[in-house]
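Each chain, letter by letter, is given below.
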Amino acid sequence: SQLPLFAGGEIVRGFGRGSKELGIPTANFPLEVVKSLPESLPTGAYYGWANVDNGPVHKMVLSIGWNPFYNNKEKSVETHMLHDFNCDLYGQTLKICIVGYLRPERSFDSLESLIAAIRGDIEQAKAFLDEADKAKLKEAPFFTEKL
Ligand code: ADP
Ligand code: MG
């Protein structure tokens, strides 16, 4: 398959759809980074590793979806790192390693069911990333290299 897949770029502002208020902030990539990913990559939820400005590498869940800002013609790539930063990261460099696929993109009939699904994604991601073959990707040279 196409995974694992490495990508990196500046963290930009999203639409402020309130992810932060839900306790699930997502760091958004600019369009040029999204376009650098294979077009055939299915939308949905993924898990992997991520770091900010070449810092410590954290577990993450990632959403690839259709971006309303571009009339759903372009994908959006949003990374939620399983780490408390206690600050904004706009303008900093996010690097990700997309390790595996969790589920297709879907709509939810309530905020509660959306949050429950993401909580489920996070629990799956944690367990998968502890498997040796996936854990070793945390040490990939990519995370400390100059972009
Ligand atoms: P936006 O719509 O601008 O993306 P969000 O509500 O999704 O706003 O919040 C995302 C922002 O929160 C990120 O760009 C980053 O600056 C910050 N942030 C703080 N902690 C995290 C985290 N654990 N994972 C991702 N982003 C985080
Ligand atoms: Mg976001």
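Look a little higher up for the structure.
Residues numbered from 1 in each chain as written. Chains lettered and ligands numbered in written order. Predicted model: local features only at pLDDT ≥ 70, side-chain atom pairs only at ≥ 80, totals over all residues. Heavy atoms only, no water.

**Structural notes on the sheet that holds strand β3 (residues 44-52)**
If you trace the six strands from one edge of the open sheet to the other, you get β1-β6-β3-β4-β5-β2, paired in antiparallel fashion. Both outer strands of the open sheet, β1 (5-10) and β2 (27-28), are each paired with one neighbouring strand and no more. Relative to strand β6 (residues 93-104), β3 runs antiparallel, the two being bridged by nine bridges. Bridge pairing links Gly44 to Pro104 in β6. With respect to the sheet, helix α2 (residues 111-129) is in contact with β3, β4 (58-66), β5 (75-81) and β6, its orientation differing from that of β4 by roughly 130°. (Pairing = 2+ DSSP bridges. Helix = DSSP H or I, 4+ residues; strand = E, 2+ residues; numbered from the N terminus. Contact = heavy atoms within 4.5 Å. Axes fitted to C-alpha atoms, helices over the stretch in contact; angles between N-to-C directions.)

**Describing the environment of Glu78**
Note that Glu78 resides in strand β5. Here the side chain of Glu78 touches Asn28 through a polar contact of 3.5 Å, side chain to side chain. (Polar contact = N/O pair within 3.5 Å; in protein donor to acceptor, adjacent residues only side chain to side chain.)

**Topic: the site of ligand 1**
Close to ligand 1 lie 20 residues, the nearest being Gly14, Gly16, Asn28, Leu89 and Tyr90. Measuring from a nitrogen atom of ligand 1, one finds a backbone N or O atom of Met81 at 2.9 Å. For ligand 1, an oxygen atom lies 2.6 Å from a polar atom in the side chain of Tyr90. Compared with its free state, where it exposes 560 Å², ligand 1 has 95% of that area covered by protein. Of all the elements in the fold, those that place two or more residues in the shell around ligand 1 are β2 and β5. (Near = heavy atom within 4 Å. Areas by Shrake-Rupley, 256 points an atom, 1.4 Å probe, with all protein chains shown as cover.)

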